[in-house]
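# Coordinates in review
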Amino acid sequence: MKKYSKLIVAVIIALIFIGTFVFLWQKSQPKEITYSEFTPEKIDLQKTTIITGKIEPRNEVNVKPQISGIIAELMKEPGDMVQQGEVIAKVKVIPDMGQLSSAESRVRLADINLRQVETDYARMESLHDQKLVSDEDFEKSRQQLRQAQEEKAAAVDALQVVRDGVSKSNASASSTLIRSTISGIILDIPVKVGNSVINSNTFNDGTTIATVANMQDLIFRGNIDETEVGQLNIGVPMKITIGALQDLQFDATLEYISPKATESNGANQFEIKAAVVVPADGKIRSGYSANAEIVLAQANQVLSVPESAIEFSGDSTFVYVVKSEGTPHTYERKAVVTGLSDGVHIEIKEGLTADDKVRGPQIITDDQSND
């Protein structure tokens, strides 16, 4: 019984050894290399680039006060639509004490002068009634009275403007009422009731009361690399995509290319602007990040092959054309002249016909990938 047991064990070991030897021998044998193959076909090719930028109003206006003071009332909020001339806020004037004192002094002097002229006029009127003065002298006296009255009214107006920021004679055009200078949407109101504001002058830009823009006239602003800017032309169409609006896409037209580059992260960039066609049913907000797709070059119905089938050697390009479809297939190296590439397919200008079959990348099997 022991002899049979030993014999069985020996047979099992021998089978394992032989099986291992056969497996290793098969694995060591060279495997047939197979390649994918393509037939050249005519397609439309486009070389495009993607530019990252923002959507902005073409004209964004900062509304500033004409006088210094304190915000007394705000009539509008960000997002409200305003028309040109519509009141946005009201300013309460804090008068300058020097100007106030001067204006009050002018009123007093004008009042004194008016009383004196009224007395002189009354005397001249009495003498004129008695035929003791000429009509000419009487008319001069009347003219002086009118001038004194006008001076008193002007002094009072000036005092009201200095003290209150508005006079009774020009209340409708009061500088205390901050009006929008354009029609559009209020993008921002950076002040609150009670904030001090100053008007624009030689030494200060003034306080911005509101920012207003026409959101129906938008532009895309972005930067393009110097290696691609030479392929752009004013007037080319663009596709704008806003990711924040569920990839909303709309048209634009390139209208500006900066003549001067700016350096960004070690690369020269040129600013571009494009006029955006605002969709009627889409509400676009200022400052949305967007991507613009621009066609740099285009070729229609040209013979092409996958770019993976091209062998680049210096300035020359080659393909491998199927010479024999036996087992295995044989290939012939052939020089070709290439053209436009979209990153996947490449144009073949010379060297191939639509009847040729071109070798592509090697087909990797599961066994080869495990090796």
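Please refer to the structure placed before this passage.
Rules of the game
Residues numbered from 1 in each chain as written. Predicted model: local features only at pLDDT ≥ 70, side-chain atom pairs only at ≥ 80, totals over all residues. Heavy atoms only, no water. Pairing = 2+ DSSP bridges. Helix = DSSP H or I, 4+ residues; strand = E, 2+ residues; numbered from the N terminus. Salt bridge = Lys/Arg side-chain N within 4 Å of Asp/Glu carboxyl O. Buried < 20%, exposed > 50% of the residue type's maximum accessible area, 1.4 Å probe, protein only.

Across 13 bridges, strand β2 (residues 41-57) lies against strand β16 (residues 289-306) in antiparallel orientation. Paired with K47 across the bridge in β16 is A297. Strand direction decides the pairing type here: strand β12 (residues 237-242) and β16, joined by four bridges, are antiparallel. From the neighbouring strand, I240 faces β16, where its bridge partner is A292. In this sheet, strand β20 (residues 345-350) lies alongside β16 in antiparallel orientation, the contact comprising three bridges. For S304, the partnering residue across the bridge sits in β20 and is E347.

One open sheet accounts for four strands, arranged β7-β6-β4-β9; its pairing is antiparallel. Because the sheet does not close on itself, it has two edges, and the strands there are β7 (177-179) and β9 (196-197). Summarising the sheet, strand β6 (residues 87-93) and β7 pair through three bridges and their orientation is antiparallel. Across the sheet, K90 pairs through a bridge with L177, a residue of β7.

For S101, the position within the fold is in helix α2 (residues 97-129). Taking the C-alpha atoms as reference, S101 lies 9.0 Å from L159; in sequence the two are 58 residues apart.

Here we take up the pattern of salt bridges. Where charged atoms of side chains with opposite charge meet at close range, the side chains can pair. Across all of its chains, the model carries 13 salt bridges by this definition. Here E86 ties to K76 by a salt bridge, and the two come within 2.6 Å at their closest N and O atoms. Placement of the pair is E86 in the loop between β5 (81-82) and β6 and K76 in the loop between β4 (69-74) and β5, with a sequence separation of ten residues. Relative accessible area serves as the criterion here: at 27%, E86 is assigned to the partly exposed category. Where K140 meets E136, a salt bridge forms, and the shortest distance between an N and an O atom there is 4.0 Å. Remark: E136 and K140 occur in helix α3 (residues 135-164); sequence separation between them is four residues, near one turn of the helix. Judged by its relative accessible area of 48%, K140 falls in the partly exposed class. Look at E136 and you get exposed, because its relative accessible area is 54%. Connected through shared salt-bridge partners, E56, R221 and E271 make up one network.

These figures come from the coordinates and say nothing about function on their own.
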